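So the chains spell out like this:
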Amino acid sequence: MTTANALGGRFPLGPGLEINRVGFGAMQLAGPGVFGPPADREAAIAVLRRAVELGIDHIDTSDFYGPWVVNELIAEALHPYEANFVVATKIGAYRDDQANWLPLNHPAALRSQVHDNLRRLRTDVLDLVYLRDMGPQEGITFADQVGALHDLKQQGLIRTIGLSNVELGHYAEAREITEIASVQNLYNVVNRTAATLLDATTEAGAAFVPFFPLGSGFADSRARGDEDLKAIAEAHGATQAQVSLAWLLRRASNVLLIPGTSSVAHLEENTAAGTLALDDSEVARLDALVAEGETLEEAH
Ligand SMILES: NC(=O)c1ccc[n+]([C@@H]2O[C@H](COP(=O)([O-])OP(=O)(O)OC[C@H]3O[C@@H](n4cnc5c(N)ncnc54)[C@H](OP(=O)(O)O)[C@@H]3O)[C@@H](O)[C@H]2O)c1
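It should be emphasised that the depicted structure is a prediction, and the values quoted were computed from it without experimental measurement. (Residues numbered from 1 in each chain as written. Predicted model: local features only at pLDDT ≥ 70, side-chain atom pairs only at ≥ 80, totals over all residues. Heavy atoms only, no water.)

A. Up close: the packing of helix α8 (residues 240–251) against helix α9 (residues 264–272). At their nearest, the axes of α8 and α9 sit 8 Å apart, and the two run at 40 degrees to each other. Judged by the inter-axis angle, α8 sits oblique to α9. Seen along the crossing, α8 lies across α9 with a hand that is right-handed. Facing A241, Q242 and L245 of α8, the residues of α9 in contact are E269, N270 and A272. Looking at side-chain class alone, the contact of α8 with α9 contains three nonpolar, two polar and one charged residues. (Axes fitted to C-alpha atoms, helices over the stretch in contact; angles between N-to-C directions. Helix = DSSP H or I, 4+ residues; strand = E, 2+ residues; numbered from the N terminus. Parallel < 35°, antiparallel > 145°, perpendicular 65-115°, else oblique. Left-handed = near helix turned anticlockwise from the far one by under 90°. Contact = heavy atoms within 4.5 Å. Nonpolar A, V, L, I, M, F, W, Y, C, P; charged D, E, K, R; others polar.)

B. A look at the site of the ligand. Close to the ligand lie 29 residues; D60, S164, S216, T261 and H266 are nearest. A distance of 3.0 Å separates a nitrogen atom of the ligand from a polar atom in the side chain of E269. Relative to its free-state accessible area of 900 Å², the ligand is covered by the protein chains to the extent of 88%. Here the shell around the ligand gets three residues from one element, more than from any other, and that element is α9. For the shell around the ligand, the residue count by class is twelve nonpolar, 13 polar and four charged. (Near = heavy atom within 4 Å. Polar contact = N/O pair within 3.5 Å; in protein donor to acceptor, adjacent residues only side chain to side chain. Areas by Shrake-Rupley, 256 points an atom, 1.4 Å probe, with all protein chains shown as cover.)

C. Quick peek at the environment of L256. Note on placement: L256 falls in the loop between α8 and α9. For the pair L256 and H106, spaced 150 residues apart in the sequence, the C-alpha separation amounts to 29 Å. Among all residues touching L256, those that are not within four sequence positions of it are F11, I19, R21, H58, A207, F208, V209 and P210.

D. Broad picture of the side chain of Q242. Tracing the sequence through the fold places Q242 in helix α8. Look at Q242 and you get buried, because its relative accessible area is 11%. At 2.9 Å, the side chain of Q242 forms a polar contact with the backbone oxygen of E269. (Buried < 20%, exposed > 50% of the residue type's maximum accessible area, 1.4 Å probe, protein only.)

E. Fine view of the pairing of strand β2 (residues 17–20). Looking at chain direction, strand β1 (residues 10–14) and β2 are connected through four bridges and run antiparallel. Within β2, the residue paired with P12 across the bridge is E18. Between the end of β1 and the start of β2, which pair antiparallel, lie two residues, with G16 showing a positive phi angle near 70 degrees. (Pairing = 2+ DSSP bridges.)

F. Molecular detail of the pattern of salt bridges. Going through the model one piece at a time under the given rule, you end up with 16 salt bridges. One salt bridge connects R192 with E292, and the closest N-O pair in it is separated by 3.7 Å. In this pair, R192 sits in the loop between β10 (182–184) and α6 (195–204) while E292 sits in the loop between α10 (280–287) and α11 (296–299), placing the two residues 100 residues apart along the sequence. Residue R192 is classed as buried on the basis of its relative accessible area, which comes to 0%. Across the pair R250 and D280 runs a salt bridge whose closest N-O atoms are separated by 2.7 Å. Of the two residues, R250 is situated in helix α8 and D280 in helix α10; the sequence distance between them amounts to 30 residues. Salt bridges sharing partners connect three or more residues here, namely R192, D199, R251 and E292. (Salt bridge = Lys/Arg side-chain N within 4 Å of Asp/Glu carboxyl O.)

G. Representation of the packing of aromatic side chains. Inspection of every chain in the model, using the stated rule, returns seven aromatic pairs. Arranged with centres 6.1 Å apart and planes meeting at 0 degrees, the rings of Y81 and F85 form a pair that is stacked. What makes F85 buried here is its relative accessible area of 7%. Ring centres of Y187 and W247 lie 6.1 Å apart, and the angle between their planes is 10 degrees; this geometry places the pair in the stacked category. Taken together, the residues span a long stretch of sequence, with Y187 in the loop between β10 and α6 and W247 in helix α8 at a distance of 60 residues. With respect to burial, Y187 and W247 carry one shared label: buried. Connected via pairs of aromatic rings, a cluster forms that spans F64, Y65 and W101. Its guanidinium or amino end placed over the ring of W101, R95 lies 3.7 Å from that ring's centre, counting from NZ or CZ. (Phe/Tyr/Trp six-rings, centres within 6.5 Å; stacked < 30°, edge-to-face > 60°. Lys NZ or Arg CZ within 6 Å of the ring centre and 35° of its normal.)

If you want it as structure tokens, here you go:
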């Protein structure tokens, strides 16, 4: 399923869409709380351009980030995009002026969000669009939302469809309606609650893109104190963030990384995790940190 390279190998997302397994999550490029512009716009643009220099060809974004700020930064920094460059976006929500994240997922609203993304990202077709499940909404079924994305794909506005924050049952339901190329849910070395969903994507040949791959601020996370993680990082002359990303790459060959950062140094560090080879005993020690289906709190 994957071929080797310095970015964790290549993964076939869809017809004519092969991408490196190490990508970049752009959410941290907005202002504090993912709201408003970054403190340093040039620094944010430098991160995006450095990602492309490093060979990254998959950037994860959304109009919710800012809102609009991150998509505008991506277009400013990277348009015209390199050939086979995948910008993955999400629809199904909006931000109000208090920075709340609210559902917006009537089929007509989903259609207009696709057109908004096309305009802001300055492209004719979106490579990967995730439906961000915002929970049950009165008068709208999940099937209606997936059907709206399917129609947009039929119209040629979307190349592949993904789901984000979904339950296993919704994943199965969506697959009856349309092809699902990718699922994006929370999963990392200390939070493995999405394990069954991950396994289902592996079986289906779809991508699984863990959000919060670093526990959103790994440096401060509970995992930092773990002795195994520390010892394995030291043995490789690597950081704990790199080890936790390398563990994700070993978890299953359909896992694609989108670590987020606003710093070029962290971007370079995270990208280098693509060449960090953990041996089987190290993987086993990290596997044993938390049971699949559980979080670190539940394990202790
Ligand atoms: N679908 C969804 O509902 C959803 C939800 C959340 C996120 N996402 C996506 O997932 C992507 C990743 O999530 P995320 O950015 O929130 O969390 P993350 O990748 O788990 O962690 C990012 C945080 O870790 C820090 N960091 C990054 N690299 C580091 C390193 N090498 N050492 C120490 N600290 C480091 C960053 O700070 P610095 O900026 O200082 O490096 C930032 O605070 C997002 O960009 C977004 O595209 C999706």
